Amino acid sequence: MTSNQETFKKIISHAKEYGFIFQSSEIYDGLSAVYDYGPNGVELKNNIKSYWWTSMVQMNENIVGFDASVLMHPKIWKASGHVDAFNDPLIDNKDSKSRYRADVLIEDYVRKIELKINKEIIKSKKRFGDSFDEKQFRKTNSRVLDYERKIKEINTEMKKCFDDDDLVSLKKLIDDLGIVDPVSGSKNWTEIKQFNLMFSTSIGASIDSSSEIFLRPETAQGIFVNFLNVQKSSRKKIPFGIAQIGKAFRNEIVARQFVFRMREFEQMEMQFFVKPGTQSQWYNQWKDTRMKWHQALGLGEENYRFHDHDKLAHYADAACDIEFNFPFGFKELEGIHSRTDFDLSQHEKYSGKKIKYFDPEINESYTPYVVETSIGLDRMFLAILSSSYTEERIDEQNSRLVLKIPDFLAPYKLAILPLVKKDGLPDYANRIFNDLKIHYNISYDEKDAIGRRYRRQDAIGTPLCITVDHDSLKDDKVTVRFRDSMQQIRIDISQLKKEIDDRLSLSNWLD
Ligand code: ATP
């Protein structure tokens, strides 16, 4: 097992032990790729939602919020193309009986070549030191050029297979590349089949009158079919956006990697409606804005990168992912898609209702184009959890485990800890707790030695611990201990709220 895999395992068990994430239906041996959020998990999740909603909706006067239902008219999924084309190409290995997505097998193969390029770069960096010019090296090194040529060839061939809907050639590509099953090392593959990812259920009381409907596989369509309702009621002029946070359901073929790939998950999506012809400018603008939003979290700029799509979905004229460096490598965190007028036109066609925008500036009606930003809340959660998980040596004997979650996202903003459980300290500590609880989510803990309580708060990412001791009763001062530096300062309780606000509030962060 690599050290990254080991760390990932530790993160998963940490998430369970400290009440962040549990396997769904655990006492019945679990339901695969479905997870429940515990008391600390739900707080972190709500704070991430709030960060997204505040910066996307509250801070943009041309974006409004929305909340569509999960169940919708089945024709919506016909119109959107999901009934016919929301498929993943699945392939089985006959020896290991494991099932894979054919495109993911090929993408993983490409990633291995990318790793080889990185190795060459690291090797040469070491050799040449400060005089190393990476750009020049990539342009001239024959081994790197060969690798890059190979990647290009594979991607072009894969794109062609998808464009032509040619599963036979896709299988041939897997055979030609000699791709082996990552579990068994076998090359004994079945043919590739398409598999629709939508969950279906039925609506209506009796079998005769019921009809098949689908659990939505994305939140976007709820926004498209309500485009005119929202535009007219909010009197928005193009360009404007509609944002939504909600559950989506996909019967994923390969559901591994914890909350990275779930069958029930949450999306935070924003559909931005623009004048035809301006979509490319808006697409680039949203790419830029969304990347900045991620980088503002301070999880390390080197942990993000764009991946522009060669293989475009049926509705898009441009698309990219923002990828994050998860413990299992760079993978998609957010998708940014220029969806053209495909969805609105399709709904106009299938519903028979006119879905046009009258533009008063040019005195014309048209079908708006759409640029979408779509981020998985659970993937965002995993990005934060995995990058903030830190094992730290304090001195020769002691180490600690600390979640360095961005302060304003932490489940508890502070913990209030009376040094001992007697001499009036709990009463004093409780008074502080009661004064502040309306402003922040606070943890109160009076059990065990103070050192152990600090460790417990470190393990759930609480940025500030406030300790009440015997002197506090005399001078109205408390000790504030900072999670990351472990530094302690003495502060007057009248200054406490300001100190906390300065460091932890979302509005200060966004400012
Ligand atoms: P992937 O290629 O990883 O399957 P996708 O391209 O199908 O993802 P989109 O349809 O663009 O994903 O969905 C937008 C976002 O929703 C993704 O960027 C991701 O963060 C999230 N998402 C998609 N599928 C899942 C899933 N099964 N579990 C958790 N999050 C998901």
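All figures in this text were calculated on a predicted structure; none of them were measured in a lab.

1. Observations regarding the domain arrangement of the chain
Alright, step 1. Entries for the chain in the domain assignment read domain 1 (1-85 + 212-392), domain 2 (87-196) and domain 3 (394-510).
Alright, step 2. Measuring from the centre of the C-alpha atoms in domain 1 to the corresponding centre in domain 3 gives 35 Å.
Alright, step 3. On the side of domain 3, 22 residues touch domain 1, which itself brings 23 residues to the contact.
Alright, step 4. Together domain 1 and domain 3 conceal approximately 2,000 Å² of surface at their shared face, both sides included; 65% is due to carbon and sulfur atoms.
Alright, step 5. Of all residues in domain 1, Y51, S388 and E392 bury the most surface against domain 3, accounting for 29% of the area lost on that side.
Alright, step 6. Linking domain 1 with domain 3 are 2 salt bridges.
Alright, step 7. The interface formed by domain 1 and domain 3 includes 8 residue pairs in polar contact (both at pLDDT 80 or more).
Alright, step 8. At the level of elements, α2 (39-58), α13 (377-388) and β17 (389-393) are the ones that each hand at least two residues to the side of domain 1 that touches domain 3.
Alright, step 9. Among the elements that take part in the side of domain 1 that touches domain 3, α2 stands out by supplying 9 residues, more than any other.
Alright, step 10. For the side of domain 1 that touches domain 3, the residue count by class is 12 nonpolar, 8 polar and 3 charged.

2. Details of the environment of D359
Alright, step 1. Residue position: D359 is located in strand β14 (residues 357-359).
Alright, step 2. D359 gets classed as buried once you look at its relative accessible area, which sits at 5%.
Alright, step 3. Sequence separation between D359 and I238 is 121 residues, and the spatial gap between their C-alpha atoms is 7.6 Å.
Alright, step 4. What D359 contacts, discounting residues up to four positions off in sequence, is K275, E364 and Y366.

About the cut-offs
Residues numbered from 1 in each chain as written. Predicted model: local features only at pLDDT ≥ 70, side-chain atom pairs only at ≥ 80, totals over all residues. Heavy atoms only, no water. Domains from an automatic or database assignment. Contact = heavy atoms within 4.5 Å. Buried area = accessible area lost by both parts, 1.4 Å probe. Salt bridge = Lys/Arg side-chain N within 4 Å of Asp/Glu carboxyl O. Polar contact = N/O pair within 3.5 Å; in protein donor to acceptor, adjacent residues only side chain to side chain. Helix = DSSP H or I, 4+ residues; strand = E, 2+ residues; numbered from the N terminus. Nonpolar A, V, L, I, M, F, W, Y, C, P; charged D, E, K, R; others polar. Buried < 20%, exposed > 50% of the residue type's maximum accessible area, 1.4 Å probe, protein only.

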